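As a plain string of letters, each chain reads:
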Amino acid sequence: QQAVLREYLSQNGVTRRLMMRAQRNASHALREQERHMPEENVVLLKQVSEPLRVELHYEMYAPTIRKHPFFDGYCEECPHVMARICHRATMRVLVSAGDAVFYAG
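Residues numbered from 1 in each chain as written. Predicted model: local features only at pLDDT ≥ 70, side-chain atom pairs only at ≥ 80, totals over all residues. Heavy atoms only, no water.

Comments concerning the side chain of Gln23
Here comes step 1: Tracing the backbone through its elements, the reader meets Gln23 in helix α2 (residues 16-35).
Here comes step 2: Beyond its immediate sequence surroundings of up to four residues, Gln23 is in contact with Gln2, Leu5 and Arg6. (Helix = DSSP H or I, 4+ residues; strand = E, 2+ residues; numbered from the N terminus. Contact = heavy atoms within 4.5 Å.)

What follows is the structure in structure tokens.
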């Protein structure tokens, strides 16, 4: 797969520097996918009731969200609301060093 990616980028005139970044990112993504199975790959999880999936997502994502003081307080005051936020508005996203996560505007 790496050779195919390299060939594709080369054919499309991508600079060597950007090509290296893309290849490192792809390698990192593959390693992370092996370490953390994407939820969409777990077919049986779609059969779990939504209220139970809300609880699962809260347990999965709340520890990370709670690192921010605002969300930590919100988890204490309104855990049911934060559980819904974890379920509806949170997902695992793979980023690499140097990736822009937020943009102004």
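Topic: the side chain of His87
Here comes step 1: Within the fold, His87 resides in helix α5 (residues 79-89).
Here comes step 2: In this structure His87 comes out as buried when scored by relative accessible area, which is 12%.
Here comes step 3: A polar contact is formed between the side chain of His87 and the side chain of Glu50, at a distance of 3.2 Å.
Here comes step 4: Once residues within four sequence positions are removed from consideration, His87 is found in contact with Glu50, Arg53, Val54 and His57. (Buried < 20%, exposed > 50% of the residue type's maximum accessible area, 1.4 Å probe, protein only. Polar contact = N/O pair within 3.5 Å; in protein donor to acceptor, adjacent residues only side chain to side chain.)

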